[in-house]
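Summary of structural features
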Amino acid sequence: MSLSAVLPAAGSSPTPTPSESPTAVTVPSLQDAQESATNAAGWVEENWSTWLAIGLRVLLILVIAAILRVVVRRAITKLIDRMNRTVQAVDGTALGGLLVNVERRRQRSQAIGSVLRSVASFLILGTAALMILGTFQINLAPLLASAGVAGVAIGFGARNLVTDFLSGVFMILEDQYGVGDQIDAGVASGEVIEVGLRVTKLRGDNGEIWYVRNGEVKRIGNLSQGWATAGVDVTVKASEDLDRVKATLVEVAEKMNKEEPWNEFLWSPIEVLGLDSVLIDSMVVRVSAKTMPGKSLTVERELRWRIKRAFDAADIRIVGGATVPPEEDPALDPTAAVAAPSVYANTASPQSAAASPLTPLTPPGAAK
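Residues numbered from 1 in each chain as written. Predicted model: local features only at pLDDT ≥ 70, side-chain atom pairs only at ≥ 80, totals over all residues. Heavy atoms only, no water.

**Considerations on the overall build of the chain**
Counting its regular elements, the chain contains ten helices and eight strands. Classification of the 368 residues of the chain by burial places 23% in the buried group. A separation of at least 24 residues holds for 63% of the contacts in the chain among residues at least 6 apart in sequence. Accessible surface, the chain as shown: approximately 26,400 Å² in total, 61% of it carbon and sulfur. (Helix = DSSP H or I, 4+ residues; strand = E, 2+ residues; numbered from the N terminus. Buried < 20%, exposed > 50% of the residue type's maximum accessible area, 1.4 Å probe, protein only. Contact = heavy atoms within 4.5 Å. Areas by Shrake-Rupley, 256 points an atom, 1.4 Å probe, with all protein chains shown as cover.)

**Some words on the pairing of strand S4 (residues 209–213)**
In this structure, strand S3 (residues 199–203) lies alongside S4, joined through five bridges in antiparallel fashion. Of the residues in S4, the one forming a bridge with Arg203 is Ile209. Connecting S3 to the next strand, S4, in antiparallel fashion are five residues, including Gly207 with a positive phi near 95°. (Pairing = 2+ DSSP bridges.)

**Comments concerning the pattern of salt bridges**
Summed over all chains, the structure comprises ten salt bridges. Here Arg219 makes a salt bridge to Asp184, at a shortest N to O gap of 3.7 Å. Of the two residues, Arg219 sits in the loop between S4 and strand S5 (221–222) while Asp184 sits in strand S1 (residues 182–184), which places them 35 residues apart along the sequence. A salt bridge links Glu240 to Arg244; its shortest N-O distance comes to 3.4 Å. The buried category is assigned to Glu240, whose relative accessible area is 15%. Salt bridges here are not isolated pairs; linked through shared partners, they connect Asp164, Arg213 and Glu216. (Salt bridge = Lys/Arg side-chain N within 4 Å of Asp/Glu carboxyl O.)

**Some remarks on the sheet that holds strand S7 (residues 271–278)**
Spatially, three strands are ordered S6-S8-S7 in an open sheet, and the strand pairing comes out antiparallel. On the outer flanks of this sheet lie strand S6 (228–237) and S7, each paired with one strand and no other. Going across the sheet, the axis of each strand differs from the next one's by a mean of 25°, ignoring polarity. Across the sheet, helix H9 (residues 296–313) lies against S6 and strand S8 (282–291), angled at about 25° from S6, the strand it touches most. (Axes fitted to C-alpha atoms, helices over the stretch in contact; angles between N-to-C directions.)

**Some thoughts on the layout of surface pockets**
By volume, the second largest pocket amounts to about 250 Å³. Take the lining of the second largest pocket: its biggest share by element is six residues, from H9. (1 Å grid on protein atoms, 1.4 Å probe; cavity = no way out; pocket = protein on both sides within 12 Å on 5 of 7 lines; lining within 4 Å. Points joined across faces, edges and corners; volume = space filled by probe spheres on them.)

**Describing the environment of Lys308**
Looking at the secondary structure, you find Lys308 in helix H9. Along the chain, Lys308 and Ile318 lie ten residues apart, while their C-alpha atoms are 7.9 Å from each other.

**Some remarks on the side chain of Glu300**
Topologically, Glu300 is positioned in helix H9. According to the relative accessible area criterion, Glu300 is buried, its value standing at 12%. Dropping the residues within four chain positions of it, Glu300 is found in contact with Thr229, Ala230, Gly231 and Val232.

**Topic: the sheet that holds S1**
Pairing within the open sheet is antiparallel, and its five strands lie in the order S4-S3-S2-S1-S5. Each having just a single partner strand, S4 and S5 make up the two edges of the open sheet.

**Observations concerning unusual backbone geometry**
Backbone torsion omega between Glu260 and Pro261 reads 0°, so that peptide bond is classified as cis. For Asp315, which is not glycine, the phi dihedral falls at a positive 60°. Tracing the backbone through its elements, the reader meets Asp315 in the loop between H9 and helix H10 (350–355). In this structure Asp315 comes out as exposed when scored by relative accessible area, which is 64%.

**A look at a nonpolar patch on the surface**
Together, Trp48, Leu52, Leu56, Leu59, Val63, Ile67 and Val71 line one region of the surface with nonpolar side chains, adding up to about 680 Å² of accessible area. Within the element layout of this structure, Val63 appears in helix H2 (residues 30–85). Assessed through its relative accessible area of 38%, Val63 is described here as partly exposed. (Patch = residues over 30% accessible without salt bridge, like charges linked within 9 Å, V, L, I, M, F, W, Y side chains within 5 Å.)

**Considerations on the packing of aromatic side chains**
For the structure shown, the criterion picks out one aromatic pair. Considering the side-chain rings of Trp262 and Phe265, the 5.8 Å spacing of their centres and the 80° angle between planes classify their relative orientation as edge-to-face. One end of the pair is Trp262 and the other is Phe265, both in helix H8 (residues 262–265) and three residues apart, which spans about a single turn. Accessibility expressed as a relative area gives 15% for Phe265, which makes it buried. The lysine or arginine in question, Lys290, covers the ring of Trp227, its NZ or CZ lying 4.2 Å from the ring centre. (Phe/Tyr/Trp six-rings, centres within 6.5 Å; stacked < 30°, edge-to-face > 60°. Lys NZ or Arg CZ within 6 Å of the ring centre and 35° of its normal.)

**Notes on H9**
It helps to recall that an α-helix has 3.6 residues per turn; residues three or four apart then point in one direction. Taking 1.5 Å of rise per residue, 18 residues should cover 26 Å, and H9 covers 26 Å from first to last C-alpha, within 8% of that figure. Among all positions of H9, only Ser296, Val299, Glu300, Glu302, Leu303, Arg306, Ile307, Ala310 and Phe311 are buried. Where H9 is buried, its residues meet S6, helix H7 (242–258), H8 and S8. Count one or two residues on from H9 and you reach Asp315, which has phi positive near 60°. (Expected span 1.5 Å × (residues − 1).)

**Focus: H7**
Taking 1.5 Å of rise per residue, the 17 residues of H7 would be expected to cover 24 Å, and the 25 Å separating its terminal C-alpha atoms lies within 8% of that figure. Where H7 is buried, its residues meet S6, H8, S7, S8 and H9. At the N-terminal boundary of H7, the capping side chain belongs to Asp241, with an oxygen 3.3 Å from the backbone nitrogen of Asp243. (Polar contact = N/O pair within 3.5 Å; in protein donor to acceptor, adjacent residues only side chain to side chain.)

Now the structure itself:
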């Protein structure tokens, strides 16, 4: 093989240089960048009206929701203020003024307003959020179905919690009781020290604290609303002079009505209602009066004290307890001191023969 044949063959294959790499990097040209920018500008030009409409729609929904929320909250606030102003229309007398607890009514109004404002905000903002999602053409059917199923599951699992919450809301709205009231809730009784939407806290007579779920309360007896009644039953002998008994009670009542602090506790004069019952050897006279809420027991104790002292001074005997029929005098019965006849007094009776000693038998062959 000649050298001239080898050189052309070697020259036909290029020799790689150190600057060249096995994989070539493609650098975008100016023309490619210009084409990409043109495409992006065309897409924006074609869809800008759609995005602008969506943005304006979302902005309009947010503005309407914000304005509606402010209007509803202000309306709720005015409604609460109007409820507070109706206190002045209860009664123009001093009794009507005492019936109203300003601080308690303020707390109740704040609680009601807070609940109503929270519910209104939740409904308005939740509706606005769903409308915004619908604006972006998001299918809300699966979301609403999932929320419905979850709501049903939570409702069944926490039905007691929902019941307690709704009962607490209606208790506050209807002003069934408040802090400081003396109530009987059926399951517990005592002074209300805290009112919540789920639990009411009571302090019992012995200092214990009761936590009562609002959903378990079936009835409420409020001893601190309106007025209370102090009633005292005076039992005297049937032989007492009724006019003298009534005059003594009236004197006690008039004197107590004028003294402090009883004239503040008493919201009506003490009245002698008359005979409540008549028994064989006694009769009951009823004395009653309207008092400040929570002061009936105090007035009753003081009234009993004064009646007892007045009756002792007037030599009127107070009796009590169940009527017992008079016993017969044993001295008037001639057979009371005679013992009952005994069967052993008769020697021929079987009981006497059975109790007599046995006669010893004589052995055979004994001397007679």
